[in-house]
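# Architecture and fold: a report
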Amino acid sequence: MFRGNHTVAQDSLSLRVQRITPEAEGILSYELVPADGGSLPPFEAGSHLDVHVPGGFLRQYSLCNDPAETHRYLIAVQRDAKGRGGSQAMHERVRVGDVLTTTLPRCDFPLLHARGYVLVAGGIGITPMLSMAHQLQRQGTPWHLHYCTRSPERTAFRALLASPAFAGHVTVHHDGGDPARGLDVKALLATRTGGTRVYCCGPAPLMRAVREATVLHAWPREKVHFEAFSAEATGAIGEHADTEFQVVIRSTGASYPVPPGQTVLNVLRSNGLRVQSDCEAGTCGTCLTRVLDGDPDHRDTYLPEAQRTARCNMLVCVSRARSRQLVLDL
Ligand code: FES
């Protein structure tokens with residue numbers, strides 16, 4: 001199944017940190033190799049590892065090297081001083097030579113067949129796009145990457161992006177902290193080419209802008225793909241530490257607690273309520289639920305701004321509450 005004698009204990013890997021490289025202001029990459037030699041399980045573009053980080057954190061990081069490589073995995077971590085500690089521990093406590101335990105690579109963001117690709121990345125959202133870019137370049141499939149960052153100093157993997165293989169396929173957009181000065185997503189996606197897919201990963205506002213532009217220009221929904229990063233990864237989805245709140249079901253009056261670390265969707269299901277879902281990452285809109293009372297804390301990348309401020313709907317797979325309770329129309 002897997003090549004070589006990589007270290008596998010059930011579904012985990014022991015990986016030695018071979019190299020740590022500053023890729024941009026606040027971003028380090030980590031080259032991981034099998035702790036006891038051999039080669040690594042293969043992965044497909046868009047895959048991630050769950051990494052056990054010192055301090056007891058479990059964090060998902062996208063693989064950003066070429067999926068054809070079996071001697072190493074490359075991940076990159078953006079330090080988030082306001083996060084919950086995982087990225088800080090990676091930056092401060094992980095050193096070259098350390099051995100990290102990870103899961104096997106998993107792919108929730110697969111590169112589906114197309115005649116061409118528009119890749120849109122923001123900030124640390126560049127990471128899955130790089131593994132895709134490597135693969136597309138090797139295949140000879142047309143692709144173009146738009147990479148949105150604040151400044152040259154905040155732009156990761158600059159040398160790779162400027163290399164002869166990538167340079168003609170990459171446009172970097174700096175907004176200086178003002179999204180209005182950055183990539184014009186509506187203009188970019190105004191021309192829809194048959195057979196092209198759009199992939200986007202980055203902060204929630206960028207993903208919402210891409211979502212709205214693709215709806216405006218009638219891109220088929222199945223041709224547009226998003227990967228939502230955690231709050232810590234983007235610093236944009238979910239700005240608050242999770243606290244417990246109650247969900248109240250209108251039809252029965254029943255009330256259920258939603259503790260930190262649990263989703264509303266899971267709480268509803270475990271109490272016998274049927275709610276449809278698909279992505280369970282706040283990107284597809286399937287679990288949209290009407291809110292009759294309370295203040296949702298929107299953590300999705302699907303709802304347009306007007307619906308977020310209206311507070312009348314929420315995506316229960318990711319969103320939580322700012323108020324102590326939410327009354328749902330179920
Ligand atoms: S299941 Fe896709 S947004 Fe909730």
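Described in the following lines is the structure provided in the data block. The shown structure was predicted, so the numbers you read here are calculated from the model rather than taken from an experiment.

Let us now look at the pattern of salt bridges. With the rule as written, the count across this model stands at 14 salt bridges. Its salt-bridge partner being Glu 25, residue Arg 154 comes within 3.9 Å of it at the nearest N-O pair. Pair noted here: Arg 154 is in the loop between strand S10 (143-149) and helix H3 (158-161) and Glu 25 is in the loop between strand S2 (12-24) and strand S3 (27-34), with a separation of 129 residues, a long-range link. Residue classification places Arg 154 among the partly exposed residues on the basis of a relative accessible area of 34%. Residue classification places Glu 25 among the partly exposed positions, given a relative accessible area of 49%. Residues Arg 106 and Asp 50 are paired through a salt bridge, measuring 3.3 Å at the closest nitrogen-oxygen approach. Taken as a pair, Arg 106 in strand S8 (residues 106-107) and Asp 50 in strand S4 (residues 47-53) lie far apart in primary sequence, 56 residues in all.

At 3.6 residues per turn, the α-helix brings residues three or four places apart onto the same side. The terminal C-alpha atoms of helix H2 (residues 126-139), which comprises 14 residues, lie 20 Å apart, in line with the 20 Å expected from a rise of 1.5 Å per residue. Of all the 14 residues making up H2, 11 are buried; the element is thus mostly covered by neighbouring parts of the structure. Within H2, burial applies to Ile 126, Thr 127, Pro 128, Met 129, Leu 130, Ser 131, Met 132, Ala 133, His 134, Gln 135 and Leu 136. Remark: Gly 140 follows H2 within two positions and exhibits a positive phi of approximately 80°.

Definitions and limits used
- Residues numbered from 1 in each chain as written.
- Predicted model: local features only at pLDDT ≥ 70, side-chain atom pairs only at ≥ 80, totals over all residues.
- Heavy atoms only, no water.
- Salt bridge = Lys/Arg side-chain N within 4 Å of Asp/Glu carboxyl O.
- Helix = DSSP H or I, 4+ residues; strand = E, 2+ residues; numbered from the N terminus.
- Buried < 20%, exposed > 50% of the residue type's maximum accessible area, 1.4 Å probe, protein only.
- Expected span 1.5 Å × (residues − 1).

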